[in-house]
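Descriptive structure summary
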Amino acid sequence: LEPNHPDLSSILMFIALNQLALERFDDCMASLLGVRRLREDVVGPTHPEIGLILNNIGCVHYELGESSRAETLFQEALDLQREAFTTEPTFLKSVSTLLSNIAFLHAKHGLFPKALIELEGALQIQQEILCDEGNESDAILENIAHIMAIQKMQHGSGNMEEITSQYMTMLMRR
């Protein structure tokens, strides 16, 4: 394939995701940076598609233990998505995923209120804009319940599974 062939970046992304699954993080990073370069040449550096690529690069940085770099990339990707302000479902799902990724990093660092804010945003996109009442929304609700349970356990004692279950029941009734 020629360097600007539209399938080249798709093939390279497929390779990168397989490398990620195989935990070949350095190879994956090289492939993702190649995809970014190829797509930026075609769509420009501020296209929302670049945000999808930055999310994947952020995930690799996270796997490499570079949480602050991952968060910077997730935020950069989120900014690109928001600037584009497209209502295309693929990109709205991407925004929801980015918010969830940022929430995960906040929770990992003990910033539970910030994590909950990001998860509420992700849930709102899934339920109110994409009208998803399925797996994605359920996963976000479960993450919210876990964070609320952790917060409660920090202020007292209790069983994590029991508290999470109580919060899940409460959240499902919303």
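See the structure printed just above.
Residues numbered from 1 in each chain as written. Predicted model: local features only at pLDDT ≥ 70, side-chain atom pairs only at ≥ 80, totals over all residues. Heavy atoms only, no water.

Below, the discussion takes up a nonpolar patch on the surface. Together, Ile-11, Phe-14 and Ile-15 line one region of the surface with nonpolar side chains, adding up to about 290 Å² of accessible area. With respect to the helices and strands, the residue Phe-14 is situated in helix H1 (residues 6-21). Phe-14 sits in the exposed class, given a relative accessible area of 57%. (Patch = residues over 30% accessible without salt bridge, like charges linked within 9 Å, V, L, I, M, F, W, Y side chains within 5 Å. Areas by Shrake-Rupley, 256 points an atom, 1.4 Å probe, with all protein chains shown as cover. Salt bridge = Lys/Arg side-chain N within 4 Å of Asp/Glu carboxyl O. Helix = DSSP H or I, 4+ residues; strand = E, 2+ residues; numbered from the N terminus. Buried < 20%, exposed > 50% of the residue type's maximum accessible area, 1.4 Å probe, protein only.)

Let us look at the environment of Leu-80. Tracing the sequence through the fold places Leu-80 in helix H4 (residues 67-84). Note: C-alpha distance between Leu-80 and His-47 (33 residues apart in sequence) is 6.9 Å. Those residues in contact with Leu-80, other than ones at most four positions away along the chain, are Pro-45, Thr-46, His-47, Ile-50, Gly-51 and Leu-54. (Contact = heavy atoms within 4.5 Å.)

One way to put it is that H4 packs onto helix H5 (residues 89-108) with a least axis distance of 10 Å and a crossing angle of 150 degrees. Classified by the angle between their axes, H4 and H5 sit roughly antiparallel to one another. The two elements H4 and H5 meet at a crossing, and its hand is left-handed. Taken together, the residues of H5 that come into contact with H4 (itself represented by Ser-67, Ala-70, Glu-71, Phe-74, Gln-75, Ala-77, Leu-78, Gln-81 and Arg-82) are Phe-91, Ser-94, Val-95, Leu-98, Leu-99, Asn-101, Ile-102, Leu-105, His-106 and Lys-108. Of the residues in the contact of H4 with H5, the class split is ten nonpolar, six polar and three charged. (Axes fitted to C-alpha atoms, helices over the stretch in contact; angles between N-to-C directions. Parallel < 35°, antiparallel > 145°, perpendicular 65-115°, else oblique. Left-handed = near helix turned anticlockwise from the far one by under 90°. Nonpolar A, V, L, I, M, F, W, Y, C, P; charged D, E, K, R; others polar.)

With that out of the way, let us pick up helix H6 (residues 112-129). In a regular helix each residue adds 1.5 Å, so 18 residues correspond to 26 Å; H6 covers 25 Å between its end C-alpha atoms and thus fits that length. Along H6, the residues classified as buried are Phe-112, Ala-115, Leu-116, Glu-118, Leu-119, Ala-122, Leu-123, Ile-125 and Gln-126. Close packing links the buried residues of H6 with H5 and helix H7 (135-154). Cys-131 lies just past H6 and shows a positive phi near 55 degrees. (Expected span 1.5 Å × (residues − 1).)

A few words now on unusual backbone geometry. The phi dihedral of Glu-23 is positive, around 60 degrees, even though this residue is not glycine. Locating Glu-23 in the fold gives a position in the loop between H1 and helix H2 (25-43).

Our focus in this paragraph is the pattern of salt bridges. If you walk through the whole model with that rule in mind, you get four salt bridges. Of the charged contacts, one joins Glu-40 and Arg-36 as a salt bridge, the two residues approaching to 3.0 Å between their closest N and O atoms. Of the two residues, Glu-40 and Arg-36 are both situated in helix H2; the distance of four residues between them amounts to about one turn of the helix. Judged by relative accessible area, which is 23%, Glu-40 ranks as partly exposed. Connected through salt bridges with shared partners, the residues Arg-36, Glu-40 and Glu-76 form a single ionic network.

Here we come to the packing of aromatic side chains. Inspection of every chain in the model, using the stated rule, returns one aromatic pair. With centroids separated by 5.4 Å and ring planes inclined at 80 degrees, the aromatic side chains of Tyr-62 and Phe-104 adopt a geometry described as edge-to-face. Here Tyr-62, found in helix H3 (residues 48-63), pairs with Phe-104, found in helix H5; they are 42 residues apart in sequence, far enough to count as distant. Classification of Phe-104 by relative accessible area gives partly exposed; the value is 45%. (Phe/Tyr/Trp six-rings, centres within 6.5 Å; stacked < 30°, edge-to-face > 60°.)

Turning our eyes to something else, we now look at the packing of H5 against H6. In the contact formed by H5 and H6, the axes pass within 8 Å of each other and the chain directions differ by 160 degrees. Classed by the angle they form, the pair H5 and H6 counts as roughly antiparallel. Here H5 runs over H6; the crossing is left-handed. Mapping the contact onto sequence places Leu-92, Lys-93, Val-95, Ser-96, Leu-99, Ser-100, Ile-102, Ala-103, His-106 and Ala-107 in H5 and Phe-112, Lys-114, Ala-115, Glu-118, Leu-119, Gly-121, Ala-122, Ile-125, Gln-126 and Ile-129 in H6.

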